[in-house]
Structures are given as C-alpha cells and as structure tokens.
Amino acid sequence: MTIENCKIIELPKIQDPRGNLTYIEGGQHIPFDIQRVYYLYDVPGGAERGGHAHKGLHQLIIAMSGSFDVLLDDGKDKKRFHLNRSYNGLYVCPMIWRELDNFSSGSVCMVIASNRYDEEDYYREYGAFMRSRWGH
Ligand code: TYD
C-alpha cells in the first residue's frame, strides 16, 4: 500500500437548519472496523504531532473543529493535506509516515483507528521505517 491508497473520504452529511449531522459506520463508510477513537485538542500554536508510521493500523483523521495539515510520506512520495471540514476524513493506510502541523487555535483532531493502542505497531524512527518499507 502506498500514498495512492490514502485519500479524503467524504462522509455522509445530513443538512439541517438546526445544525448538520455526520455519521461514520465501520466497514461501511471507511474501509476498516473501528476499535478505537482518540483526539488531540488544546494543541499549542506551532506544535507538531505524529512523526511516526504504523505497521498494521488503518486510520481516519478528521478535523472536528478548526484546521491542521497532515503530511503523508510512503518513503517515495509525499503528499500534504489541509483538513478543515468535519464531514471529510483522511484515510491513512498502514506503512505511511505522517506528520501533523499548522494547527489552528481551538482545533480538534479526531482519529478513528482499526486497532487498540499498541506501541509495538509503531515505527518511531524514520530510518527503521524506510529499511522495513523499502529495504534501504
Ligand atoms: P502518539 O501516537 O505518539 O501521538 P501523536 O501521533 O498524536 O503525536 O502518542 C502520544 C502518547 O500517547 C504516547 O505515549 C502513547 C500514548 N497513547 C496512548 O496511550 N493511547 C493511544 O490511543 C494513543 C494514540 C497514544
């Protein structure tokens, strides 16, 4: 799987003058079952998150409020996404290095994940990720 597999998924949106509603069903709107949800908030200006890859984890990243950038890197190609709509999710497949930055004030980044937290699933060192991914 490469960066070409990572894409913005437009989620269902029920428009209503009382406020809009978006929903996500595992296996239906996103290509994995949901085992975990976590979110980043109170991110100080200029902070960077991420800086790792996952061996087997699938994720969907959503800007629930505000905006931020996600830089994806499969070791050959890089792509930057600007997330600022709560009905859009960025699907990130396994074996992709990611960095998150450019958080607007008050932004909330929600991540839906295919597995529970497991430190063994991380590559936290870029060199180790590259060696495992491309053998150099
Ligand atoms: P990390 O995944 O490095 O955060 P980010 O990618 O957003 O920069 O996780 C930061 C810390 O939080 C790390 O010590 C592991 C812990 N953590 C959990 O305990 N459970 C979780 O579900 C997540 C995502 C992180």
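Bear in mind that the values here come from a model prediction, so they are computed numbers and not experimental data.

### Remarks on the overall build of the chain
Moving on, step 1. Counting its secondary structure elements, the chain contains one helix and twelve strands.
Moving on, step 2. Listing every helix and strand of the chain by position from the N terminus yields β-β-β-β-β-β-β-β-β-β-β-β-α.
Moving on, step 3. In terms of C-alpha radius of gyration, the chain reaches 15 Å, essentially the compact-globule figure of 14 Å for 136 residues.
Moving on, step 4. Counting only residues that meet the buried cut, the chain has 43% of its 136 residues in that class.
Moving on, step 5. Looking at the chain as shown, the accessible area adds up to about 7,700 Å², and 45% of this sits on carbon and sulfur atoms.
Moving on, step 6. Counting 16 positive and 18 negative side-chain charges, the chain places the centres of these two groups 1 Å from one another.

### A closer look at the environment of N102
Moving on, step 1. On the secondary structure map, N102 appears in the loop between β10 (97-101) and β11 (108-113).
Moving on, step 2. Through-space distance from the C-alpha of N102 to that of G75 is 22 Å; in sequence the pair is 27 residues apart.
Moving on, step 3. Setting aside residues up to four positions removed in sequence, N102 forms contacts with A47, S67, F68 and D69.
Moving on, step 4. In terms of polar contacts, N102 uses its side chain to reach the side chain of D69, at 3.1 Å.

### Considerations on the packing of aromatic side chains
Moving on, step 1. If you walk through the whole model with that rule in mind, you get eight aromatic pairs.
Moving on, step 2. Here W97 and Y126 contribute two aromatic rings whose centre-to-centre distance is 5.1 Å and whose plane-to-plane angle is 90°, an arrangement assigned as edge-to-face. One end of the pair, W97, is in strand β10; the other, Y126, is in helix α1 (residues 126-134), with 29 residues separating them in the sequence.
Moving on, step 3. With relative accessibility at 7%, the residue W97 sits in the buried group.
Moving on, step 4. Connected via pairs of aromatic rings, a cluster forms that spans W97, Y123, Y126 and F129.
Moving on, step 5. Geometry around Y123 places K55 over its ring, the cationic atom sitting 5.2 Å from the centre.

### Section: the site of the ligand
Moving on, step 1. Around the ligand, a shell composed of R36, Y38, L40, R49, G50, H52, Y117, Y122 and R124 is seen.
Moving on, step 2. Within the backbone of G50, an N or O atom sits 2.8 Å from an oxygen atom of the ligand.
Moving on, step 3. Side-chain polar atom of R124 to an oxygen atom of the ligand: 2.9 Å apart, as the coordinates give it.
Moving on, step 4. Considering the ligand on its own, with 530 Å² of exposed area, one finds that the protein chains cover 63% of that surface.
Moving on, step 5. Looking at the shell around the ligand residue by residue, the class counts come to four nonpolar, two polar and three charged.

### Regarding the pairing of strand β6 (residues 59-65)
Moving on, step 1. β6 sits mainly inside the fold: five of its seven residues count as buried.
Moving on, step 2. Bridge count between β6 and β11: six bridges; the pairing is antiparallel. Its bridge partner being in β11, I62 is matched across the sheet by M110.

### Description of the pairing of strand β5 (residues 49-54)
Moving on, step 1. Judged from the three bridges that link them, β5 and β10 form a sheet pairing that is antiparallel. By the bridge assignment, H52 is partnered in β10 with R98.
Moving on, step 2. With two bridges joining them, β5 and strand β12 (residues 122-123) adopt antiparallel strand pairing. Note that in β12 the partner of A53 across the bridge is Y123.

### Thoughts on the sheet that holds strand β7 (residues 68-73)
Moving on, step 1. Read across the sheet, five strands follow the order β8-β7-β10-β5-β12 without closing on themselves; strand pairing throughout is antiparallel. The open sheet has two free edges, formed respectively by β8 (78-83) and β12, since each of these has just one partner strand.
Moving on, step 2. Taken together, the six bridges between β7 and β8 define a ladder with antiparallel strand orientation. In the sheet register, D69 faces β8, and the bridge partner there is H82.

Rules used throughout
Residues numbered from 1 in each chain as written. Predicted model: local features only at pLDDT ≥ 70, side-chain atom pairs only at ≥ 80, totals over all residues. Heavy atoms only, no water. Helix = DSSP H or I, 4+ residues; strand = E, 2+ residues; numbered from the N terminus. Rg over C-alpha atoms; globule rule 2.2 N^0.38 Å. Buried < 20%, exposed > 50% of the residue type's maximum accessible area, 1.4 Å probe, protein only. Areas by Shrake-Rupley, 256 points an atom, 1.4 Å probe, with all protein chains shown as cover. Lys, Arg positive; Asp, Glu negative; His and termini not counted. Charge placed at Lys NZ, Arg CZ, Asp CG, Glu CD. Contact = heavy atoms within 4.5 Å. Polar contact = N/O pair within 3.5 Å; in protein donor to acceptor, adjacent residues only side chain to side chain. Phe/Tyr/Trp six-rings, centres within 6.5 Å; stacked < 30°, edge-to-face > 60°. Lys NZ or Arg CZ within 6 Å of the ring centre and 35° of its normal. Near = heavy atom within 4 Å. Nonpolar A, V, L, I, M, F, W, Y, C, P; charged D, E, K, R; others polar. Pairing = 2+ DSSP bridges.

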